[in-house]
Amino acid sequence: MSEKKDYNYNSPSKFTDEMKTIPPVRRLTELEKAQMTPLQAMTASFGLPRMIITGFLLLLLVTAPFVGVDLPTQITNIINRFSWNAVLVLAMVPMIHAGCGLNFGLPLAIICGLLGGTLSIQLGFTGAMSFVMAVLIATPFAVLLGGGYGLLLNRIKGGEMMIATYVGFSVMSFFCMMWLLLPYSSPTMVYGLSGNGLRPTISLDGFYNQTLARLLEIDFAKIAATLHIGLGPLERIKIPTGSLIAFALLAFLMWAFLHTKTGTAMTAVGSNAAFARAAGINVDRTRMLSVIMSTWLGAMGVLMYQQGFGFIQLYNAPNNLTMPTVAAILIGGASVNKASIPNVIIGTILYQGIVTMTPTVMNSAIHMDMSEVIRIIVSNGMILYALTRKTEGVK
């Protein structure tokens, strides 16, 4: 009978023996890269699927004016949708780096943001201060619930994404009851007749509607009026500079964190937990930190979404953001164990661009009101494509 091997990963020599059994990743040599045509090199670096999606988006943009679609308005819509969703997609990065996979438990983070937003209104804050208070109130909820979420994921290593899905559904269902039972009393939020329970959709007019979007906003119509010149179609373009700056700041902080000692340790844990443990890294604590960071970014992301969209949506709404967010980062080139800031930016632009342009162009081309049907087909088709290209890495 053969003796069962029991490797002690705290022993560097035995860990090295085990690592020899893992096949190396096939990479292109410098000679192979030099022999490629420019198109082949672009395809190898950017990826054929993303090139096809990018080409389709460019085709929609070129076709739009010929079917009667107002292209400047659609460009504004794409920029706005990017600013609403980019931070939610960024929230996927920490858990992917730590080897926890895609954060299908995003509704938990969204609930933290919803608690921050509703409580800031309940406490009577208005204007920009209501957004600041929403961020401050959501933060402790994100830290506490993210910590509990991290403890759970540490107990079921290897099945994080499946368990995260159940966590998202469970928390969302629980809060479907709590939104009716919690003692909110603000007339802006509660049902008018009974005075109890929160309405499914709450307007943010007078609170933090467009708080960041209007900060340093570039409105070409106002620029043209101020300079007394005509800018033509450009006058219909608006750029939510404040929202884009907020995303850029969070993305830079995430990039900077991943280049610190702790961030490098997090990447090591995601690449090979056994190696990280042998190097003296506390794997469980690092994974928990990534989950807390992802939960906090998700809470900030939904607040960014709310201030741009102009409404708070409760009950089953948090679940509607999970799959598009996962699809966006996968389309951007990420996998379940590797993600970067460019993946976030590219994926969000491609996903939101396709979802924005396809229904509008198709409606104008066939002269039928099928925008919602087309949007559902396109968005779910992109989600399906993104999930089928998910690849498991060696742990």
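Parameters at a glance
- Residues numbered from 1 in each chain as written.
- Predicted model: local features only at pLDDT ≥ 70, side-chain atom pairs only at ≥ 80, totals over all residues.
- Heavy atoms only, no water.
- Salt bridge = Lys/Arg side-chain N within 4 Å of Asp/Glu carboxyl O.
- Helix = DSSP H or I, 4+ residues; strand = E, 2+ residues; numbered from the N terminus.
- Buried < 20%, exposed > 50% of the residue type's maximum accessible area, 1.4 Å probe, protein only.
- pLDDT = per-residue confidence, 0-100.
- Contact = heavy atoms within 4.5 Å.
- Phe/Tyr/Trp six-rings, centres within 6.5 Å; stacked < 30°, edge-to-face > 60°.
- Patch = residues over 30% accessible without salt bridge, like charges linked within 9 Å, V, L, I, M, F, W, Y side chains within 5 Å.
- Areas by Shrake-Rupley, 256 points an atom, 1.4 Å probe, with all protein chains shown as cover.

### Things to note about the pattern of salt bridges
Now for step 1: Taken as a whole and judged by the stated rule, the model has four salt bridges.
Now for step 2: Measuring nitrogen to oxygen at the nearest pair gives 2.8 Å for the salt bridge that ties R236 to D70. With R236 in the loop between α10 (220–227) and β3 (238–239) and D70 in the loop between α4 (48–63) and α5 (71–90), this pair connects stretches of sequence that are 166 residues apart.
Now for step 3: The partly exposed category is assigned to D70, whose relative accessible area is 28%.
Now for step 4: Residue E160 pairs with R287 through a salt bridge whose shortest N-O separation is 2.8 Å. A residue pair is termed long-range when its members are at least 10 positions apart, and E160 in helix α9 (residues 160–181) and R287 in helix α14 (residues 283–309) qualify at 127 residues.
Now for step 5: By relative accessible area, E160 is classed as buried at 8%.

### Digging into the confidence of the model for the protein chain
Now for step 1: For the protein chain, the mean per-residue pLDDT works out to 84, and 85% of the residues sit at or above 70.
Now for step 2: Low confidence marks residues 1–25, where pLDDT is under 50. Its contacts with residues over four positions away, or in another chain, come to 14 contacts.
Now for step 3: With pLDDT under 50 throughout, residues 391–395 is counted as low confidence; its partners more than four residues away or in other chains account for 14 contacts.

### A short note on the packing of aromatic side chains
Ring pairs (aromatic) are described by centroid distance and by the angle formed between their planes.
Now for step 1: By the definition in use, this model includes nine aromatic pairs.
Now for step 2: Grouping aromatic residues by their ring pairs yields a cluster made of W84, Y305, F309 and F311.

### A look at a nonpolar patch on the surface
Now for step 1: Nonpolar side chains collect at one region of the surface, where F174, M177, L180, L181 and Y191 lie side by side and expose about 520 Å² of accessible area between them.
Now for step 2: Structurally, the position occupied by L181 is in helix α9.

### Description of unusual backbone geometry
Now for step 1: Even without being glycine, Q210 reaches a positive phi, approximately 60 degrees.
Now for step 2: Looking at the secondary structure, you find Q210 in the loop between β1 (201–203) and β2 (218–219).
Now for step 3: Of note in this structure, Y315 is not a glycine but carries a positive phi near 60 degrees.
Now for step 4: Of note, Y315 is situated in the loop between β4 (311–313) and α15 (322–331).
Now for step 5: Exposure remark for Y315: the relative accessible area of 13% places this residue in the buried category.

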